[in-house]
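# Remarks on the overall topology
Next come the chains, spelled out residue by residue.
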Amino acid sequence: MSQEKTSNPLVPIAIVVAIPVVVCLILMLTDEGIERSLLWAAIKTGIILTVLGGAISFGVSRLAERNTSR
């Protein structure tokens, strides 16, 4: 039996979600009416949530891999 390496389902979802987010970010950066401190706070929050989600996803995939090998 060959073991298949399962891909993380969050990767394609993250790519699809990231495209409109990046476009909105570019639009907000070029708009003079947007308060810069609020924009940077939103960017920092998004980065923190992305890192946290990635860490949780990585941990769950390792846990699932460990449990299926028993």
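Rules and cut-offs
- Numbers given to residues run from 1 along each chain, matching the order in which its sequence is written.
- Residues qualify for local features only when their pLDDT is at least 70, as the model is predicted, and side-chain atom pairs are given and counted only at 80 or more; totals for whole chains, interfaces and linings, by contrast, use all residues.
- Side-chain descriptors were evaluated using all non-hydrogen atoms of the structure, hydrogens and water having been removed beforehand.
- Think of a 1 Å grid over the protein atoms and nothing else: a 1.4 Å probe that fits but is trapped marks a cavity, an open set flanked by protein within 12 Å on at least five of seven lines marks a pocket, and residues with an atom within 4 Å of a point count as lining.
- Grid points are joined across faces, edges and corners, and a volume is the space filled by probe spheres set on the points.
- Put simply, DSSP marks the helices as runs of H or I at least four residues long and the strands as runs of E at least two long, and each gets a number from the N terminus on.
- Only the stretch in contact is used when fitting a helix axis, every axis being a line fitted to C-alpha atoms; angles between N-to-C directions are given from 0 to 180 degrees.
- Note on terminology: angles under 35 degrees are roughly parallel, angles over 145 are roughly antiparallel, angles of 65 to 115 are roughly perpendicular, and the others are oblique.
- Whether two residues touch is decided by their heavy atoms; if any such pair falls within 4.5 Å, the residues are in contact.
- Working rule for helices: expected span equals 1.5 Å times residues minus one.
- The rule for a salt bridge is simple: a side-chain nitrogen of Lys or Arg has to be within 4 Å of a carboxyl oxygen of Asp or Glu.
- Remark: exposure states derive from per-residue accessible area (1.4 Å probe, protein chains only) relative to the maximum for the residue type, with buried under 20%, exposed over 50%, and partly exposed in between.

This part is about the layout of surface pockets. Quantified by volume, the second largest pocket comes out at close to 200 Å³. Lining the second largest pocket are Val 21, Val 22, Cys 24, Leu 25, Met 28, Ala 42, Ile 43, Gly 46, Ile 47, Leu 49 and Thr 50. Looking at the lining of the second largest pocket, the elements with two or more residues in it are helix H1 (10-30) and helix H2 (36-68). Considering each element in turn, the lining of the second largest pocket owes the most residues, six residues, to H2.

What follows covers the packing of H1 against H2. Angle between the axes and distance between the axes are the two parameters that describe a pair of packed helices. Running from amino to carboxyl end, H1 crosses H2 at an angle of 170°, the nearest separation of the two axes being 12 Å. Comparing the axis directions of H1 and H2 gives the class roughly antiparallel. Contacts between H1 and H2 involve Leu 10, Leu 25, Met 28 and Leu 29 from the former and Arg 36, Leu 39, Trp 40, Ile 43, Gly 53 and Ser 57 from the latter.

Before going further, it helps to examine H2. The first and last C-alpha atoms of H2 sit 48 Å apart over 33 residues, in line with the 48 Å expected at 1.5 Å per residue. Buried residues along H2 sit against H1.

All right, on to the pattern of salt bridges then. For the structure shown, the criterion picks out one salt bridge. In this structure, Arg 62 and Glu 65 form a salt bridge, with 3.1 Å as the shortest nitrogen-oxygen distance. Placement of both Arg 62 and Glu 65 in helix H2 is noted, with a separation of three residues, approximately one turn of the helix. By relative accessible area, which is 40% here, Arg 62 ends up partly exposed.

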